[in-house]
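# Per-entry structural report
One letter stands for each residue in the lines below.
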Amino acid sequence: MLTCGKTALCEEKVRSHYTRHDLLSRVLSALENAGKNLSDLCPADLAPVDEFHIRGRKATLELAHAIKLGKGMSVLDVGSGIGGPSRCLAAEFGCRVDGIDLTEEYCHVAGALTELVGLSPLVTFHCADALHMPYPDGEFDVVWTQHTAMNIFEKDALYREMNRVLRPGGVLAIYDILAGEGGDVHFPVPWSRGLDTSFLITPDNLRRLLEEAGFEITTWQDTTDAALVWFRNVMRTRNGADIRPLGLHLLMGDDFEVMTRNQLRNLEEDRIVLYQVTAVKQAPA
Ligand SMILES: C[S@@+](CC[C@H](N)C(=O)[O-])C[C@H]1O[C@@H](n2cnc3c(N)ncnc32)[C@H](O)[C@@H]1O
C-alpha cells in the first residue's frame, strides 16, 4: 500500500531502481551457462546471485546463528529481494519464512526460484511495503532484514512496524549498511543511484530508534572490516577476468562495475559501515 506524496514517489523510484524486466530468464540462463541442471538445483546453487548483500550467504548464516534460529520458527524477511536469505533460513534451519518486498519483479523471481528448489511449502513471498506490513500484531517469532532499510526514509515507522508484527519476546535480526563518518556516499551504489532513494543513518541513530520502537538490543557488532576484506577479494578475483555467468551483476544491471568500485571506495573512506544487530521485543510495561 502506498501512502502519500513524497513517500509514494520515493517507492516508485526504489522499484524502478531494482526492476530489470527480464530478470527471471536472465537468472535461469545464467544458471544453465554455469553448468547447473535446472531440474536438480539446491538453494546453495543460487547463492552467487540471490544473496543481495555484502558477504552473501556467509553473512546470512552468521546472523542466523547469532539469533539461534531453530526448526519451526516463523520468520518475516523484510525486503526479501529475490529470496536467497529466506530460502537459506528454510533449507538450513527448517523455519517457515514469509518474505515481503516492494519490487514486484523480485517477488515474482523469488517465488519461481523457490518453486524450482522445492521450498514452496516453507517459503512464500508477497509484494508489500515494509511500512505497512500485511500481518496482524504479534505474528512472527523473528523479523529479519538485510540491506533494505537504506532505501526507507521513515525509519521510526519501519522499526515500529517491525516491533508490531513480532510476538512479545520475539527477535529482530538486522544486517545493514549505515552511515560512516567519512561524508556523503559516492553514487551509484547497488541500492541507489542518488540521495532521493538512499537514507543512511548512523549507528547511534539506529540504536536510539530501536530502543524508542520498544526493542532491547542484545548484540551490536561492527562488521565493516570483514566487509572490506570480502570486497577486496571480490575485486582481486575480478581483476581482468571475465564476469562469471552467475552473480550480482544480473541484479545490478549495466552499472554493476561502477557500483562495485564505489562500494569499495565508500567502505575504504569510512562513508559507509556495516552492522549486525540483534534485539528483542520488550513486553509492554
Ligand atoms: C539490496 S536488496 C536486499 C535484498 C535481500 N534482503 C537480500 O539481502 O538478498 C534491497 C531490497 O529492499 C527492497 N525494499 C526497498 N524498500 C522497501 C520497502 N519500503 N518495503 C519493502 N521492500 C523494500 C527492495 O525492493 C530490494 O529488494
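In this text the structure is predicted, and so the values were computed from the model without any measurement.

## A word on the packing of aromatic side chains
Centre distance and the angle of the planes are the two values used to describe a pair of aromatic rings. All told, the structure shown has six aromatic pairs when counted by the stated rule. Of the aromatic side chains, those joined through ring pairs into one cluster are Tyr 18, Phe 52 and Tyr 106.

## Topic: the sheet that holds strand β2 (residues 96–101)
If you walk across this open sheet you meet the seven strands as β3-β2-β1-β4-β5-β7-β6, and the pairing is mixed. In the strand order of this sheet, the two ends are held by β3 (123–127) and β6 (215–222), each with one partner. Between one strand and the next, the sheet's axes are offset by a mean angle of 15°, whatever the strand orientation.

## Things to note about the pairing of β3
In terms of strand pairing, β2 meets β3 through five bridges, oriented parallel. Looking across to β3, one finds that Ile 100 is bridged to His 126. Viewed along the sheet, the connection from β2 through helix α6 (residues 104–116) into β3 turns out right-handed.

## So, the nonpolar core
In summary, soluble globular proteins display a tendency toward joint burial of nonpolar side chains. Within the largest apolar cluster, 58 residues are counted, with the highest numbers of intra-cluster contacts made by Leu 23, Leu 69, Val 75, Leu 89 and Trp 144. With sequence-adjacent residues up to four places away left out, Val 75 is seen in contact with Leu 69, Leu 89, Cys 95, Arg 96, Val 97, Asp 98, Phe 140, Val 142 and Trp 144. In terms of nonpolar packing, the next biggest core, distinct from the first, is built from 32 residues, Ile 100, Leu 206, Val 273 and Val 277 among them.

## Considerations on the environment of Asp 156
Along the chain, the position of Asp 156 falls in helix α7 (residues 155–165). Separated by 57 residues in sequence, Asp 156 and Ala 213 place their C-alpha atoms 7.2 Å apart.

## Description of unusual backbone geometry
Residue Pro 188 follows Phe 187 across a cis peptide bond; omega there is 0°. Looking at where Pro 188 falls in the secondary structure, it is placed in the loop between β5 (166–179) and α8 (203–212). Within the chain, His 21 stands out as a residue other than glycine whose phi angle is a positive 80°. For His 21, the position within the fold is in the loop between α1 (5–18) and α2 (23–33). The exposed category is assigned to His 21, whose relative accessible area is 72%. One non-glycine residue with positive phi stands out, namely Lys 68, at about 55°. Secondary-structure assignment places Lys 68 in the loop between α4 (56–66) and β1 (74–78).

## Structural notes on the site of the ligand
Around the ligand, 22 residues are found, and the nearest of them are Phe 52, His 53, Gly 79, Asp 101 and Thr 103. Phe 52 is positioned such that a nitrogen or oxygen atom in its backbone is 2.8 Å from an oxygen atom of the ligand. Asp 101 has a polar side-chain atom sitting 2.5 Å from an oxygen atom of the ligand. For the ligand, whose unbound accessible area comes to 590 Å², protein coverage reaches 98%. The class makeup of the residues in the shell around the ligand is nine nonpolar, nine polar and four charged.

Parameters and conventions
Residues numbered from 1 in each chain as written. Predicted model: local features only at pLDDT ≥ 70, side-chain atom pairs only at ≥ 80, totals over all residues. Heavy atoms only, no water. Phe/Tyr/Trp six-rings, centres within 6.5 Å; stacked < 30°, edge-to-face > 60°. Pairing = 2+ DSSP bridges. Helix = DSSP H or I, 4+ residues; strand = E, 2+ residues; numbered from the N terminus. Axes fitted to C-alpha atoms, helices over the stretch in contact; angles between N-to-C directions. Right-handed = clockwise from strand over helix to strand, strands pointing away. Core = buried A, V, L, I, M, F, W, Y, C linked by side-chain atoms within 4.5 Å. Buried < 20%, exposed > 50% of the residue type's maximum accessible area, 1.4 Å probe, protein only. Contact = heavy atoms within 4.5 Å. Near = heavy atom within 4 Å. Polar contact = N/O pair within 3.5 Å; in protein donor to acceptor, adjacent residues only side chain to side chain. Areas by Shrake-Rupley, 256 points an atom, 1.4 Å probe, with all protein chains shown as cover. Nonpolar A, V, L, I, M, F, W, Y, C, P; charged D, E, K, R; others polar.

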